[in-house]
Amino acid sequence: MTTPNAHGKVLIFSSPSGAGKTTIVHHLLKTFPSLAFSVSATTRPRRPHEVDGKDYYFLTPEEFRKKIEEGAFVEWEEVYKDTYYGTLRSEVDRLLGQGKHVVFDVDVKGALNIKKQFGDRALSIFVMPPSIEELEKRLRHRSTDPEESIRERVAKARIEMGYADKFDVILVNDQLDKALKEAEEIVRKFIGER
Ligand code: ADP
Ligand code: 5GP
């Protein structure tokens, strides 16, 4: 990292799509003003409610490729077929430079990659759905993805669940209010705030 003097910590959230990680991360960002979200870059199409620069930096495949060549990413992955996601070095440095603790929402491989780079300064949290069936239900209920994309996400979820025990913490998201409280406790303990 290029911001060696910053003391901020790193919270890495990962889960199969639909497990509830975005919901949990939004809650934590509202609860703890010292946290800031690392906005990733992606080539996936923007969902109607999403804002460029807030949810993601939406890039064309050409723009994304150029950033890879420039070494602009801390990590990047082809998470779904022909769909790329990456953590921008500039984003992480900017937030650590502001004295923030940085929150990541990345896929399982990206999460383990970031954890390796930050070591004890980072906490990796796997958000576990109660079951694959419930995950599929949540994805359908969310109504943001086409049928083919839902099927791809559910198929991938089975593989991603196999990575759970490589994380520092597993947070089961069954009842939402309970999961939010547990998430608050985990973060409070790690960043040392009351
Ligand atoms: P992810 O970021 O992991 O893809 P989201 O946070 O978008 O997941 O959640 C997927 C859907 O499930 C959303 O519609 C969200 O409101 C809903 N959801 C999240 N947590 C729960 C829960 N504990 N019980 C029921 N629905 C949930
Ligand atoms: P979605 O398309 O549902 O927003 O995200 C799909 C997946 O991509 C999620 O698992 C999400 O965590 C992951 N993702 C988002 N940003 C990044 C990133 O910068 N790097 C990696 N490796 N994965 C990411």
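Below, the structure is looked at part by part. It should be emphasised that the depicted structure is a prediction, and the values quoted were computed from it without experimental measurement.

Calculation notes
- Here the residue numbering is sequential within each chain, running from 1 through the sequence in written order.
- Written order decides the labels, with chains lettered from A and ligands numbered from 1.
- Two thresholds apply to this predicted model, a pLDDT of at least 70 for residue-level local features and 80 or more for giving and counting side-chain atom pairs, whereas whole-chain, interface and lining totals are computed over all residues.
- Heavy atoms throughout the structure, all of them, feed into the side-chain values; hydrogens and water do not.
- Helix and strand labels come from DSSP, where a helix needs a run of H or I of at least four residues and a strand needs a run of E of at least two; each type is numbered from the N terminus.
- Categorising residues by exposure relies on relative accessible area from a 1.4 Å probe, with only protein chains included: less than 20% of the type maximum marks a residue as buried, more than 50% marks it as exposed, and the intermediate range marks it as partly exposed.
- In what follows, a contact means two residues having at least one pair of non-hydrogen atoms within 4.5 Å.
- Note on areas: Shrake-Rupley, 1.4 Å probe, and residue coverage restricted to the protein chains presented here.
- A residue counts as positive if it is Lys or Arg and as negative if it is Asp or Glu; His and the chain ends are not included.
- Charge coordinates come from a single atom per side chain, which is NZ of Lys, CZ of Arg, CG of Asp or CD of Glu.
- By definition, the arc is the one covered by directions from the helix axis to the C-beta atoms.
- Strand pairing follows a simple DSSP-based rule, namely that at least 2 bridges must link the two strands.
- Orientation is described by lines fitted to C-alpha atoms, with helices fitted over the stretch in contact, and by angles between N-to-C directions that extend from 0 to 180 degrees.
- It suffices for a single heavy atom of a residue to lie within 4 Å of a molecule or strand for the residue to be listed as near it.
- Polar contact is defined as a pair of N or O atoms within 3.5 Å, subject to the rule that within protein one atom must be able to donate a hydrogen and the other to accept it, and that residues adjacent in sequence are counted only when both atoms are side-chain atoms.
- By nonpolar core is meant a set of buried Ala, Val, Leu, Ile, Met, Phe, Trp, Tyr and Cys residues that side-chain atoms within 4.5 Å join together.

Another point: the overall build of the chain. Per the secondary structure count, the chain includes 7 helices and 9 strands. Projecting the C-alpha coordinates of the chain onto the three principal axes gives extents of approximately 45 × 45 × 30 Å. Classification of the 194 residues of the chain by burial places 51% in the buried group. Taking as baseline every contact in the chain between residues at least 6 positions apart, the subset at least 24 positions apart corresponds to 68%. Of the roughly 10200 Å² that the chain leaves accessible, carbon and sulfur atoms contribute 52%. One finds the centroid of the 32 positive side-chain charges in the chain at a distance of 3 Å from the centroid of its 32 negative side-chain charges.

On to helix α5 (residues 132-142), then. Owing to its 3.6 residues per turn, the α-helix aligns residues three or four sequence positions apart on the same side. Of all the residues in α5, the buried ones are Ile132, Leu135, Arg138 and Leu139. In an axial view of α5, the angular spread of the buried residues amounts to 120°, which keeps them on one side of the axis. What points out from α5, more than 90 degrees from its buried face, is the exposed set Glu133, Lys137 and His141. Elements that come into contact with the buried residues of α5 comprise α6 (147-161). Trailing α5 by a residue or two, Ser143 shows a phi angle of about 50°, which is positive.

So, about the sheet that holds strand β2 (residues 35-37). Ordered in space as β2-β7-β1-β8-β9, the 5 strands form an open sheet in which the pairing is parallel. Two strands lie at the open edges of the sheet, namely β2 and β9 (169-172), each paired on one side alone. Across the sheet, the axes of successive neighbouring strands diverge by a mean angle of 25°, strand direction being ignored. Taken together, the 4 bridges between strand β1 (residues 10-14) and strand β7 (residues 101-105) define a ladder with parallel strand orientation. If you follow Val10 over to β7, its bridge partner there is Val102. In this fold helix α3 (residues 89-97) packs onto β2 and β7, with an angle of close to 150° to the strand it touches most, β7.

This part takes up the site of ligand 2. Around ligand 2 sit 19 residues, and of these Ser40, Arg44, Tyr56, Tyr85 and Asp105 come closest. Take Arg44: an N or O atom from its side chain is 2.6 Å from an oxygen atom of ligand 2. Within the side chain of Arg153, a nitrogen or oxygen atom sits 2.8 Å from an oxygen atom of ligand 2. Within the complex, 96% of the 510 Å² of free accessible area of ligand 2 lies under protein. Counting residues per element, the ones that place at least two in the shell around ligand 2 are β5 (73-80) and β6 (83-88). Looking at the shell around ligand 2, the element that brings in the most residues is β5, giving 4 residues.

Core analysis: the biggest nonpolar cluster contains 26 residues, and Leu11, Phe13, Ile24, Leu28 and Leu35 have the highest contact counts within it. Counting only elements with at least two residues in this core, the list comes to β1, α1 (21-31), β8 (122-128), α5, α6 and α7 (176-191). Among the elements that line this core, the one with the most residues is α7, at 7 residues. Here Leu28 is in contact with Phe13, Leu35, Ala183, Glu184 and Val187, once residues within four sequence places are set aside.

Keep in mind these numbers describe shape, not what the thing actually does.
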